[in-house]
Amino acid sequence: MSSGGLELPPGDEGHEGQDGQGAASADIPPGAVSLARPMDVASQIGPELDWDARDWGEVRTRAQRAGRAYIWLNLVEQRLRAVVAAVLRPVYEPVHGDDWVVAAAGPAGQEWVQRAVAVREVSRRKGYLLDPADDNVLSFLTLPQLRELMVQHWPCFEPYFDDRRDVELALDELEVTRNVVSRNRALSETVLAQAERASARLLEILGAGSDVPSARRLPVDAVEDLVGDRYADVVGVHPDRVRLLRQFPAEDLFGGARRLDAIGIGLNLLVQNFSGRRLIRLAESGSRVRLLFLNPASSAVKRRERELGLKRGELSRAVEMNILHMRRVRARLRDPGAFEIQVYDETPRFTAYLVDGDGSDGVAVVQTYLRRSRGMEAPVLVLRGGGRVVRSGASPDMGENGLFVTYRDEFEQAWADARPVS
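Position labels on residues start from 1 in each chain and follow its written sequence. The model is predicted, so local features are restricted to residues of pLDDT at least 70 and side-chain atom pairs to those at 80 or more, both for listing and for counting; the totals for chains, interfaces and linings are taken over all residues. Remark: hydrogens and water are excluded; side-chain values derive from all non-hydrogen atoms of the structure.

### Quick word on the pairing of strand S2 (residues 259-263)
Stage number 1. Counting buried residues along S2, five of its five residues qualify, which places the element largely inside the surrounding structure.
Stage number 2. Neither face of S2 is open: one carries Arg259, Asp261 and Ile263, the other Leu260 and Ala262, and all of them are buried.
Stage number 3. In terms of strand pairing, S2 meets strand S3 (residues 288-294) through five bridges, oriented parallel. The residue of S3 that forms the bridge with Ile263 is Leu292. Only protein chains enter the calculation, and the probe is 1.4 Å; a residue is then buried if its accessible area is under 20% of its type maximum, exposed if over 50%, and partly exposed in between. Elements are defined by DSSP. Helices are runs of H or I of four residues or more, strands are runs of E of two residues or more, and each kind is numbered from the N terminus. One bridge is not enough; two strands pair if DSSP finds at least two bridges between them.

Here's what the structure looks like:
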């Protein structure tokens, strides 16, 4: 008998099948509820719950993209909220007090501002407001609502921004990403890249551009800005030089440098990817260049040829050709002393290109030499000079422990022991 007063039929096999239909009908009284036999749940749905490596890889990719996008959106929203408060609060707060956001929204924004007020009250009751600074209506406005306040009161913002259209276009580009991230949907790499560009541009417009000196040459990534101190001054890692140049072209690296120091075997990254004409213009504009090649006649070159399985003299001739090319560049300068070339005879341990390494805005590209891999195939580190980007709770001189300084000192020591090329 069930708890509802209905009699449940027995579940034995005697009441199942075609042969037992008559008996089953006779044994089950009227009003009884037929109950199906429980199925083996694990055997039915267990395999469907499993995720293979491909599924996990896809989920992690989604999470990584969404996380990057969220960081950018968070930075933009906080900056826009601060700008709106700085401009509109002095206008409305003297008259309306704590309700200045409601007054600024006006009749056109009555619906969404009241919704924000209601969400704020619920958050108060449930203890979701962990920081007293967030206990205001402005903190509960979304990015589109902050934009609406800005557009409605553009005459108040116009003195601070050159073009309203630039602001609105950047916010339009972020709207797709905002909807995708807020609903935990898949975010494509293309849309993420667009959102990062729009966010960086918008932060620049709103006067919150990076204060890192080297950001002109190597833009500060949103993730780096938050957790950069975990990796000292390494801001990029690339599997090989080809992928480095795809994201960081030689023109972006060397163009406009006031100082360029390079050490390696043949310095192909510079010689083969940055034309002699550009080097001449760079030097004539006041840049100082110091290039340190491995001596093509040294025994170290022969050992390197054996490591790479090259024909005898092949690497030596390639290095010599690069040196001759740089000598021709130097010969065309009005001040050859600003373009120095030297060679060293020691075992090559790494190649490094230090751009503006004497200041806080330096950038470096570093590769170690692997026994069986050419320089084009070796992993690449991109370093940012001038100390770490994030210094929360750290002393200001912690940046001196970074890799940039280590490789800069190694270059100076090797340069001091090297011989000039006439």
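Moving on from the coordinates now.
### Thoughts on the nonpolar core
Stage number 1. Nonpolar cores are built from buried Ala, Val, Leu, Ile, Met, Phe, Trp, Tyr and Cys residues. Side-chain atoms within 4.5 Å join them into one set. In this structure, Phe254, Leu291, Phe293, Met326 and Phe339 are the most contacted members of the largest nonpolar core, which totals 59 residues.
Stage number 2. Throughout, a residue-residue contact means that at least one pair of heavy atoms, one from each residue, lies within 4.5 Å. Each residue touching Phe293, except ones within four places of it in the same chain, is listed here: Gly264, Ile265, Gly266, Leu267, Val271, Asn322, Ile323, Met326, Ile341, Gln342, Val343 and Tyr344.
Stage number 3. Membership of the second largest hydrophobic core comes to 37 residues, among which are Leu80, Val101, Phe140 and Leu206.

### Let's talk about the sheet that holds strand S8 (residues 419-420)
Stage number 1. Pairing within the open sheet is mixed, and its eight strands lie in the order S1-S7-S6-S5-S2-S3-S4-S8. For this open sheet the edge positions go to strand S1 (234-238) and S8, each flanked by a neighbour on one side alone.
Stage number 2. As paired strands, strand S6 (residues 363-368) and strand S7 (residues 380-384) are joined by four bridges and run antiparallel to one another. Residue pairing in the sheet places Val363 in a bridge with Arg384 of S7.

### Some remarks on helix H5 (residues 110-126)
Stage number 1. A helix is expected to reach a length of 1.5 Å times the quantity of its residues less one. Here H5 is 17 residues long and its end C-alpha atoms lie 25 Å apart, about the 24 Å a rise of 1.5 Å per residue gives.
Stage number 2. Considered for burial, the residues of H5 that qualify are Trp112, Val113, Ala116, Arg120 and Ser123. Across the axial projection of H5, the buried residues extend over an arc of 100°, all falling on one side. H5 presents Glu111, Arg125 and Lys126 as exposed residues on the side facing more than 90 degrees away from its buried surface.
Stage number 3. Residues of H5 that are buried in the fold lie against helix H4 (100-105) and helix H6 (143-152).
Stage number 4. Positive backbone phi, at 75°, marks Gly127, one or two positions downstream of H5. Of all possible arcs, the one meant is that of the directions from the helix axis to the C-beta atoms.

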